[in-house]
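Fold and geometry: a report
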Amino acid sequence: MGTLTTISSGALSAQVDATGAQLMSLRLGEGEYLWQGDERFWSRRAPVLFPIVGCLRGDFATSAQGEVHLKRHGVARLYDHKVVDQSPSSVTYELVSTDETRAAFPFDFRLNMTYAVDGEKLSQTFSVTNTGTVDLPFTLGGHPAFNVPVPGEEGAAFSDYELVFPERWTARVPAIDEKGLQDFSNMTELFCDSDCIRLTHELIDKLLTVVFVNVPGNSVKLVGPAGHGVELDFDGFGFLGVWTATSDSPFVAIEPWVGCATAYDESDVFEEKRGTIVLAPGATCEKTFTIRPF
C-alpha cells in the first residue's frame, strides 16, 4: 500500500492509493460500499486495468513494435502513480512508460487517473496520451468490487441482490475458460426481454466471469432487498464484467471495460484484439465511468 488520498463532497467520500491509483474506499455517510480486501477471498479492491483487460493467450502477443508480454490486466495496477493535481473533491494521478514497462509493453504512454466526487457520484476518468512516435494500441477498464450486503442491507444474502438495467433486453454472454480466454462462438442466454437478473454465486461459478456486451443505456444497478445498492454509468465502455472470487465471497465486482480478454476467434496480434483503441502520436483518449451509492 502506498500513500492514501481522501476526497469528499457532502456525505460522499473516497480514498485512493497511489500504488496502482486504486480506489480503496467509497463511503456514503458512515456506510462503506467498496470491498475492503481480504486474502481469504481477494485482496484487491478496485484495480486499474491497462493496457489490457483480462488475459492474453499465454500472456503473449505480437505488435507493430515487437513482442508484448503482459500478465492479467496489465501493468498499471503494479506501480506507484504520482499525484499531479489535487483538490478537496478530486485527485489526479500519473503513470508514464519506463524501460521496465516497455519490456512488457513496447510502447510509450502517459496514463492519468482522475477520481472526483460531486454530489452523489464518484467519477473515475482514464486519460491515455500517446507520448511516442508510433501508434499506441491499448484497452482499459475498471474493476471496482462492492460489499454484499451493502450498507443498510445487513443480513441480506448474496442471492437477494439483482442486477437491474435501464430497459428490457436479451443478454447473451460468451463463455470464458480456466485460462481466461473468451469464446464468442459459445454464447449463453442469461435472460430474454427482461431488465434484471438475480445475482447468484452459482451463476458466476458456472461462467467464471459474466461478460455483458453492449449493455443498453450503458448503465446497471446492484440492488438489494431493502432498495440499497450502487449504480454504475459507463458510456463508451462496450463490455461489463461481473465477477466474484469464490462461492462464498461477500462481494461482487462490477467492471466497465473497453475491450476484453483474448478470444479464440482472434489472432495473437495485439492491435487486432476486440475493443482495442489505437492512438496516433500525441493524441489523448478519455473514458469516464461513475459510481453512485444509494
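Summarised in this report is the structure supplied together with it. This structure is a prediction, so every number in the text was calculated from the model and none was measured. Along each chain, numbering runs from 1 in the same order as the chain's sequence is written. The model is predicted, so local features are restricted to residues of pLDDT at least 70 and side-chain atom pairs to those at 80 or more, both for listing and for counting; the totals for chains, interfaces and linings are taken over all residues. Calculation of side-chain values draws on the structure's entire complement of heavy atoms; hydrogens and water are dropped beforehand.

A short note on the sheet that holds strand β18 (residues 229–233)
We call two strands paired when DSSP finds no fewer than two bridges between them. Helix and strand definitions follow DSSP, with helices as H or I runs of at least four residues and strands as E runs of at least two, each counted in order from the N terminus. Taken together, the 9 strands give an open sheet; going across it, the order is β7-β8-β9-β10-β22-β18-β17-β14-β15, and neighbouring strands pair in antiparallel fashion. Each of the sheet's edge strands pairs with one partner strand only, and the pair in question is β7 (82–87) and β15 (182–198). Going from strand to strand, the sheet's axes swing by 25° on average, the running direction of each strand aside. In this description, a line fitted to the C-alpha atoms serves as the axis of each element, helices being fitted only across the stretch in contact, and the angle between N-to-C directions of two axes falls anywhere from 0 to 180 degrees.

Let's talk about the nonpolar core
Note on terminology: a nonpolar core comprises buried Ala, Val, Leu, Ile, Met, Phe, Trp, Tyr and Cys residues joined through side-chain atoms within 4.5 Å. A 1.4 Å probe rolled over the protein chains alone gives each residue an accessible area, and that area as a share of the maximum for its type sets the label: buried under 20%, exposed over 50%, partly exposed in between. Membership of the largest hydrophobic core comes to 76 residues, with the highest contact counts inside it found for Y115, L163 and F212. Sort the elements by how many residues they give to this core and strand β14 (residues 162–176) lands first, with 5 residues. Among all residues touching L163, those that are not within four sequence positions of it are D195, C196, I197, L199, F212, V220, K221, L222, V242 and I254. Formed by 8 residues, the second largest nonpolar core is a distinct cluster that contains L49, F184, V211 and A263. The contact rule is simple, with two residues in contact once any of their heavy atoms fall within 4.5 Å.

Notes on the side chain of T209
Secondary-structure assignment places T209 in the loop between α2 (201–207) and β16 (210–213). With relative accessibility at 13%, the residue T209 sits in the buried group.

Some points on the packing of aromatic side chains
For any pair of aromatic rings, the description consists of the separation of the ring centres together with the inter-plane angle of the planes. Any Phe, Tyr or Trp ring, taking Trp's six-membered ring, that has another such ring centre within 6.5 Å forms a pair; planes under 30 degrees apart are called stacked, those over 60 apart edge-to-face, and the others tilted. The tally for this structure, following the rule as stated, stands at 18 aromatic pairs. Consider the rings of W169 and F191, whose centres lie 5.6 Å apart with planes at 80°: the pair is edge-to-face. Pair noted here: W169 is in strand β14 and F191 is in strand β15, with a separation of 22 residues, a long-range link. In terms of burial, W169 and F191 fall into one category: buried. One aromatic cluster is present, built from ring pairs that chain together F50, F105, F107, F109, F138 and F270. Residue placement shows K221 over the ring face of F294; its charged tip is 6.0 Å from the ring centre. For a lysine, the NZ atom is tested; for an arginine, the CZ atom; a charge sits over a ring if that atom is within 6 Å of the ring centre and within 35 degrees of the ring normal.

So, the pattern of salt bridges
Salt bridge, as applied in this entry: a Lys or Arg side-chain nitrogen positioned within 4 Å of an Asp or Glu carboxyl oxygen. All chains considered together, the criterion is met by 14 salt bridges. Two residues, R110 and E94, come together in a salt bridge whose shortest N-O distance is 3.8 Å. With R110 in strand β9 (residues 110–118) and E94 in strand β8 (residues 90–96), this pair connects stretches of sequence that are 16 residues apart. Owing to a relative accessible area of 28%, R110 belongs among the partly exposed residues under this scheme.

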